[in-house]
Amino acid sequence: MINWPIYSKIIGSGLYLPEWKVTNDKLIDITGIDSNNEWIIGRTGIEARNIGLANETNATMAVEASRKAIERVRAIDEINGHGYSPIELIVCATNTSCGAKDSRAGFPCVAGHVQAELSDFFVEECGIFDLQSGCTGTVYALAVADGLIRCGDYNRIMVIGTDKLSDVTDFSDRTTCVLLSDGAVAYVLSRSDKQGFVGHRLHGDGKKAHYITSPLIERRIIYDNKRILSPAIVMDGKKVHEDVSALVADIIVNFPEDKALNPDGISFNEIKAIFAHQANKRTFTHAAKTAARRLNAGNNITWQDILNKIVITIGDHGNNSTASIGPGWEKLIYGQEPLQEGDHVLM
């Protein structure tokens, strides 16, 4: 018999970032793009990015992040005095194929590779599927997993965000190659009698799909001077910056009255941290200034107050799409000054 209401909460997570750290100067040296360290930092806030080696794939990164998350969950189960409870469903958010030689078109799914590699930690007929929704995919996947647990269908679900963007980057295009990177993050959600997720607001605008596309081109790869015929990310950077800045500002300004995202009426001042997609540091600054101007009718909130709540890691790791909130989460959950139970965060 199910005791209602049911909630879900994140009980463990794992992060995998490729060991190859490519600084701006190294990237310029390898690719020969017309740029410099100061220009890249000034335009993006990025000083270095993690790039997977040729033998690393989207699937192998997802496996390593998942392995770390499971290790942490097993330790928690042991502390709580009961055996490990296996995961029943894997939801993987990704925009790039798993990378295996027989999976270039995006199937079999990345979630299936994780299940196969770590099968001892999942139920025998564990559900598996990939979800694609751009850089927001992990937030979508978390909302899906939360809903499935809260309706009583599952006890434990793994959510993964993984992308090897270097496999779809033209390293002769300085407008994109300075931004993009690789990585994976994994979360384990479990049924709980205490509230974890408070609310969700999923947003999209298909009319702006042309802002970021992936045409088939002769793209330059980073490992050597070769060009290969492959899909590559092409982006209208100005349009993306303007649109994302406005959207982030809207979320912050409307948060107190947003009944879907914030049904409990939490004030903005109660938010301890904002885990936002690491698109561009300038985007955060612009959004914070815009939100502060709109909020300051009767509110004493500065744009620095807003910016200080946003966890910014793009400088060290670049933009690794669905995995981009992973480094910040790792820092504030498992770092030297972790968030405390009961703290409110916005993702």
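None of these values were measured; they are calculated from a predicted model.

1. Some points on the overall build of the chain
Across its full length, the chain holds 11 helices and 13 strands. Scaling as 2.2 N^0.38, a compact globule of 347 residues should have a C-alpha radius of gyration of about 20 Å, and the chain matches this with 20 Å. Each principal axis of the C-alpha distribution contributes one length, and for the chain these read about 65 × 55 × 40 Å. Taken across its 347 residues, the chain has 49% of its residues classed as buried. Long-range contacts, defined as pairs at least 24 residues apart, comprise 76% of the intrachain contacts of the chain with a sequence gap of at least 6.

2. Describing the nonpolar core
Formed by 24 residues in total, the largest nonpolar core has its most connected members in Ile90, Val114, Phe122, Met158, Ile160 and Val188. Among the elements that make up this core, the one with the highest residue count is helix α3 (residues 58-79) (7 residues). If we skip the residues at most four places from it in the chain, Val114 touches Ala62, Val63, Ser66, Ile90, Phe122 and Ile160.

3. Describing the side chain of Lys309
You can see Lys309 is positioned in helix α9 (residues 303-309). Comment: no salt bridge for buried Lys309; closest opposite-charge side chain is Asp305, at 8.0 Å.

4. Quick look at α3
Helix length check: α3, at 22 residues, gives a terminal C-alpha distance of 32 Å against a target of 32 Å (1.5 Å per residue), a fit within 8%. Within α3, the full set of buried residues consists of Asn58, Ala59, Met61, Ala62, Val63, Ala65, Ser66, Ala69, Ile70, Arg72, Val73 and Asp77. Of the residues one or two after α3, Gly81 is the one with positive phi, at around 80°.

5. Brief notes about the packing of aromatic side chains
Across all of its chains, the model carries 4 aromatic pairs by this definition. Their ring planes at 25° and their centres at 6.5 Å tell us that Trp20 and Tyr223 sit as a pair that is stacked. Placement of the pair is Trp20 in the loop between β1 (7-16) and β2 (21-23) and Tyr223 in the loop between β9 (216-220) and β10 (227-231), with a sequence separation of 203 residues. What makes Trp20 partly exposed here is its relative accessible area of 24%.

6. Thoughts on the environment of Pro215
For Pro215, the location among the structural elements is in the loop between β8 (212-213) and β9. Excluding its chain neighbours within four sequence positions, the residues that come into contact with Pro215 are Ser230, Pro231, Ala232 and Val234.

7. Comments concerning the sheet that holds strand β4 (residues 87-93)
The mixed open sheet is built from 5 strands, whose spatial order is β1-β7-β6-β4-β5. The two strands at the open ends of the sheet, each matched to only one other strand, are β1 and β5 (122-131). Between one strand axis and the next, the sheet turns by 20° as a mean value, whatever way the strands run. Summarising the sheet, strand β6 (residues 156-164) and strand β7 (residues 182-192) pair through 9 bridges and their orientation is antiparallel. Paired with Gly161 across the two strands is Val185, which belongs to β7.

8. Quick look at unusual backbone geometry
With a phi close to 55°, Ser321 is a non-glycine residue in the positive phi region. Residue position: Ser321 is located in the loop between α10 (314-317) and α11 (326-334).

The rules behind each value
Residues numbered from 1 in each chain as written. Predicted model: local features only at pLDDT ≥ 70, side-chain atom pairs only at ≥ 80, totals over all residues. Heavy atoms only, no water. Helix = DSSP H or I, 4+ residues; strand = E, 2+ residues; numbered from the N terminus. Rg over C-alpha atoms; globule rule 2.2 N^0.38 Å. Buried < 20%, exposed > 50% of the residue type's maximum accessible area, 1.4 Å probe, protein only. Contact = heavy atoms within 4.5 Å. Core = buried A, V, L, I, M, F, W, Y, C linked by side-chain atoms within 4.5 Å. Lys, Arg positive; Asp, Glu negative; His and termini not counted. Salt bridge = Lys/Arg side-chain N within 4 Å of Asp/Glu carboxyl O. Expected span 1.5 Å × (residues − 1). Phe/Tyr/Trp six-rings, centres within 6.5 Å; stacked < 30°, edge-to-face > 60°. Pairing = 2+ DSSP bridges. Axes fitted to C-alpha atoms, helices over the stretch in contact; angles between N-to-C directions.

The analysis is restricted to geometry; functional conclusions fall outside its scope.
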